[in-house]
Amino acid sequence: TMTSSVIPKTVNPDLQKERDAASFSSEEFAAWWAGGVETLKFNRGVRDYMQKDVDPCEMLQLQNKSHVDINKFSVRTSIESAKKLQRLQEERNPGGDDYWPKLFDTAVMRGLIPAGNPFGVMYVMLVKALQAQCTPEQYEAFGKRVENFEICATYAQTELGHGTYLRGLETRADFDPKTDEFVLNTPKISSYKFWPGGLGHSSNYCMVMAQLYTNGKAKGPHMFFVQVRDEETHEPLPGVHIGDIGKKMGFIGVNNGFLGLKNVRIPRSQMLMRHAKVNADGSYVSSPTNVLTYFTMVRTRCVIARNNAFMLAEASTIATRYSSVRRQSPIDPKEREPQIIDHVTQQMKLFPEIATSVAYRLASDYLWNLYDVTIEDIENWKYERLPELHSLSCALKVTCSSDSAAGVERLRLACGGHGYLTSSNMSNLYVAATAACTYEGENTVLLLQIGRFLMKSWRSALTGAPLAPTVRYLAEVQKNPDFGNWTGSWENMVKAMQYAAANKTRLAFKSLTNRLSRGETEENAANQTGIEFTQAAELHGRAFVLSSFTTEVTGPKSKNQSPAFNRVLENLLELYLVKETLNQMANLLRFINLTDADLTRLQDRLETVLTKLRPDAVAIVDGFDFSDLQLNSTLGSFDGNAYERIFDAAVKNPMNQKSVPQSFQQYLKPFMKSNI
């Protein structure tokens, strides 16, 4: 077999040339992207420590392992990473939690557990949910044990028959006052828990969402902490049927599982009782606001938007670097073949996705801040912000997951045939991005929820009631129905998207009201108006991203940045606004009087900004600051030696470890001989 020596130790000259010609400093971009110079230094320090002894070759060949081996590999890499973080904590800040467990499922871990972390749900969702829903005594009793990883657990909500529609869940928890216990059951196959990450063989406890019944009355979904496997032997407990759901398109090592329960009894104290309670006599005390149960999902949606922005940024990095080292198809027949990034059509595939990654990253930061403010409010028993936060988190989750999935696929196509290799890592990024379109609330269902929120807001605006900040534009459009002149300024483009969203909302409201006036029920009318709801909701989400991106780039923060760096951000903003405006042209033309000259100007601006971004593209993706291990791609490495890396990975794949495969002697040779 060939050794790694086919990969040069030097950087590909075409890629080096790109870096040397940039108009700004990648380091300044990296510090901004990380959230400050200190954070960048911290992230790199942790990353270098974590990646020290990892074998990149094993990571690259991951897709060649079997389902069983991939799951074993995932548990191994997760636990190795956990141990390293514990060591870091001991060395750098004994007794704290800033390394362990805080960093266990964050961006710093990308690349270390490439098949997915079977204990990710435990830290991203479960620990947070326990902190929010347990009484202090409960948290001491079992929450702490999860947080310290003394036990392994997951969040079991989704069932085979129900996902996004929580009220439809069929797992039951019946209170038995004689023994002061809850009795849990999954009465039929559709009520089996199905999909929770790590549930298969990587959890000995779970938080089970089940319909509470007490004194014969249904009280809706509540959370119960249930042991499912023995802490010593890991064998399933009596009444527990548990296992792995099989191979999925992606998240190949997350060990998603199923869970059936038959008369499994738990003490009353294991229903999470910070907000709602069941007393020993079976009496029920309800929660001050039922929205709290959904709060974990809101936080998770903030995480999804940020993660998907990172996935799109990774794919952008791979495709942009590859487009700088691949030469093909002369533009001028007398010249040598150009880097494919010089073809304007290629720039149109790459640069808008770079801009989109930045747009969603900034929008998710905005949402994250709103989340923090809302948490403070809730601690002071103020719940007014919840509907807006819920609606915004839905909108961002939907647009970010669908745009990033479509964007990663566009970038794979931009890599030509070689993008189809699993060693490009494009397929892995795609299946990770597209999964977010259906988990934590299926996208269409979420759009319908936002649509209902917009109908309520439109109705409130008509009566003059105050609106949440991000829907105030609805009232403004009601007051001034005329858009005014199209100027094409950034502010004007943001206003145009809001104006289109408001008018789509107005039309949906009109259709809804017409159906109601014809005597249709509220529910039926809403279902029939569903297409218009989703269209208005999507535009509302896009208007929010446009406005938060514009505010971030043009706002006071820009004063602390170098002029060269600000120009790059302004180019990305210009590209994002122009391409989103062109993408939504049908909606805009319906409500705004754009002339042919306006459209020609937009096309000119698009081509101009692509040209401006061309010399900076590689420096921008370098500023995303992904390590080679995080990208895990033969096409996208920092040194740009794509052909050698593609070849090296091909040679090393397990099929080539024997010169003659078994199948030759077993099937192929006998068949050919039989035909002589």
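For the structure, see preceding data.
Criteria and thresholds
- Residues numbered from 1 in each chain as written.
- Predicted model: local features only at pLDDT ≥ 70, side-chain atom pairs only at ≥ 80, totals over all residues.
- Heavy atoms only, no water.
- Helix = DSSP H or I, 4+ residues; strand = E, 2+ residues; numbered from the N terminus.
- Rg over C-alpha atoms; globule rule 2.2 N^0.38 Å.
- Buried < 20%, exposed > 50% of the residue type's maximum accessible area, 1.4 Å probe, protein only.
- Contact = heavy atoms within 4.5 Å.
- Areas by Shrake-Rupley, 256 points an atom, 1.4 Å probe, with all protein chains shown as cover.
- Lys, Arg positive; Asp, Glu negative; His and termini not counted.
- Charge placed at Lys NZ, Arg CZ, Asp CG, Glu CD.
- Pairing = 2+ DSSP bridges.
- Axes fitted to C-alpha atoms, helices over the stretch in contact; angles between N-to-C directions.
- Parallel < 35°, antiparallel > 145°, perpendicular 65-115°, else oblique.
- Nonpolar A, V, L, I, M, F, W, Y, C, P; charged D, E, K, R; others polar.
- Expected span 1.5 Å × (residues − 1).
- Core = buried A, V, L, I, M, F, W, Y, C linked by side-chain atoms within 4.5 Å.
- 1 Å grid on protein atoms, 1.4 Å probe; cavity = no way out; pocket = protein on both sides within 12 Å on 5 of 7 lines; lining within 4 Å.
- Points joined across faces, edges and corners; volume = space filled by probe spheres on them.
- Bend = angle between axes of the 7 residues up to and from the residue.
- Salt bridge = Lys/Arg side-chain N within 4 Å of Asp/Glu carboxyl O.
- Polar contact = N/O pair within 3.5 Å; in protein donor to acceptor, adjacent residues only side chain to side chain.

Engineer: Please clarify how the overall build of the protein chain should be interpreted in this entry.
Structural biologist: Secondary structure assignment for the protein chain yields 23 helices and 11 strands. Taken over the C-alpha trace, the protein chain has a radius of gyration of 27 Å; the compact-globule value for 676 residues is 26 Å, and the two agree within 12%. Principal-axis analysis of the C-alpha atoms gives the protein chain an extent of 90 × 75 × 65 Å. The buried share of the protein chain, reckoned over its 676 residues, is 54%. Long-range contacts, defined as pairs at least 24 residues apart, comprise 74% of the intrachain contacts of the protein chain with a sequence gap of at least 6. Of the accessible surface of the protein chain, which amounts to about 30300 Å², a share of 54% is contributed by carbon and sulfur atoms. Separation between the mean location of the 75 positive side-chain charges and that of the 73 negative ones in the protein chain comes to 3 Å.

Engineer: Sorry if this is basic, but what is going on with the pairing of strand β6 (residues 217–227) here?
Structural biologist: Remember that side chains alternate between the two faces of the sheet whenever the strand is regular. The pairing of strand β5 (residues 205–214) with β6 spans nine bridges and is antiparallel. Each bridged residue has a counterpart across the sheet, and for Q211 the counterpart in β6 is P221. Remark: two residues form the turn of the hairpin made by β5 and β6, two consecutive strands paired antiparallel; N215 in that turn has positive phi of roughly 50 degrees.

Engineer: Looking at this structure, how should I read the pairing of strand β9 (residues 264–267)?
Structural biologist: Where burial is concerned, the two faces of β9 differ: the one with V264 and I266 is buried and the one with R265 and P267 is not. The sheet contact formed by strand β3 (residues 181–185) and β9 spans four bridges and is antiparallel. Bridge pairing links F182 to I266 in β9.

Engineer: Got a minute to help me understand the packing of helix α9 (residues 344–379) against helix α17 (residues 563–583) in this structure?
Structural biologist: Helix-helix packing: each pair is described by the crossing angle between the helix axes and the interaxial distance. The contact between α9 and α17 brings their axes to 9 Å, and the two run at 100 degrees. Relative to α17, the element α9 lies roughly perpendicular. Along its contact with α9, which presents F351, P352, I354, A355, T356, V358, A359 and Y360, the element α17 presents L572, L575, Y576 and K579. Residues of the contact of α9 with α17, tallied by class, amount to 10 nonpolar, one polar and one charged.

Engineer: Even after reading the chapter, I still don't get helix α10 (residues 386–414), so can you show me in this structure?
Structural biologist: Two residues of an α-helix separated by three or four positions point the same way, owing to the 3.6 residues in each turn. When the terminal C-alpha atoms of α10 are compared, their 41 Å separation across 29 residues agrees well with the 42 Å that a helix rising 1.5 Å per residue should span. With 22 of 29 residues buried, α10 lies mostly within the body of the structure. The first or second residue beyond α10 is G416, which carries a positive phi of 65 degrees.

Engineer: How should the nonpolar core be read in this particular structure?
Structural biologist: For soluble globular proteins, the rule of thumb is that nonpolar side chains tend to be buried together. Residues F29, F351, F549, L572 and F624 are the most contacted members of the largest nonpolar core, which totals 122 residues. Looking at which element gives the most residues to this core, the answer is helix α8 (residues 295–325), with 14 residues. The contacts of F549, once residues within four sequence positions are left out, are A355, V358, A359, L362, L572, L573 and Y576. Grouped together as the second largest cluster of nonpolar side chains are 48 residues, M122, L126, L166 and M207 included.

Engineer: Where do I start with empty space enclosed by the protein in this structure?
Structural biologist: To find the voids left in a structure, one rolls a probe of water-molecule size over its atoms. This structure, assessed with the given rule, holds two cavities of 30 Å³ or more. There is about 70 Å³ of room inside the largest cavity. Lining the largest cavity are M59, L60, L62, Q63, P114, T422, S423, N425, N428 and N632. In terms of residue class, the lining of the largest cavity is built from four nonpolar, six polar and no charged. In this model, the second largest cavity occupies a volume close to 30 Å³. Around the second largest cavity, the lining residues are W32, L362, E552, K557, Q561 and L569.

Engineer: Help me understand the sheet that holds strand β4 (residues 193–194) in this model?
Structural biologist: Backbone hydrogen bonds are what pair the strands of a sheet, in a parallel or an antiparallel way. Ordered by their spatial adjacency, three strands build an open sheet running β4-β8-β7, and the pairing between neighbours is antiparallel. Where the open sheet ends on each side, the last strands, each with one partner, are β4 and β7 (240–244). In this sheet, strand β8 (residues 257–261) lies alongside β7 in antiparallel orientation, the contact comprising five bridges. Looking at the pairing, D244 lines up with G257 of β8.

Engineer: Even after reading the chapter, I still don't get helix α6 (residues 120–133), so can you show me in this structure?
Structural biologist: Relative to the 20 Å expected for 14 residues at 1.5 Å per residue, α6 spans 19 Å between its end C-alpha atoms, a close match to the ideal helical length. At L126, α6 is bent by approximately 35 degrees, the largest bend along its length. Within α6, 10 of the 14 residues are buried, which leaves the element mostly enclosed by the surrounding structure. Within the sequence span of α6, burial applies to G120, M122, Y123, V124, M125, L126, V127, A129, L130 and Q133.

Engineer: I'm lost on the pattern of salt bridges in this one. Help?
Structural biologist: Opposite charge on two side chains permits pairing when their charged atoms draw close. Evaluated as defined, the whole model comprises 36 salt bridges. Notably, a salt bridge pairs R47 with D625, separated by 3.5 Å at the nearest N-O pair. Taken together, the positions of R47 in helix α3 (residues 37–51) and D625 in the loop between α20 (617–623) and α21 (628–631) put the pair 578 residues apart, joining distant regions of the chain. Looking at R47, the relative accessible area reads 12%, which means it is buried.

Engineer: Help me out: how do you make sense of the side chain of Q339 in this one?
Structural biologist: Looking at where Q339 falls in the secondary structure, it is placed in the loop between α8 and α9. Since its relative accessible area comes to 1%, Q339 is described here as buried. In this view, Q339 contacts D14, K17, E18, S323, S324, R326, R327 and R614; residues no more than four positions away in its chain are not counted.

Engineer: Before we go on, may I ask you to explain the side chain of S637 in this structure?
Structural biologist: With respect to the secondary-structure elements, S637 resides in the loop between α21 and α22 (642–652). Assessed through its relative accessible area of 3%, S637 is described here as buried. Side-chain polar atoms of S637 contact the side chain of D639, separated by 2.8 Å. A polar contact is formed between the side chain of S637 and the side chain of R645, at a distance of 3.1 Å. Excluding its chain neighbours within four sequence positions, the residues that come into contact with S637 are L15, R321, D628 and R645.

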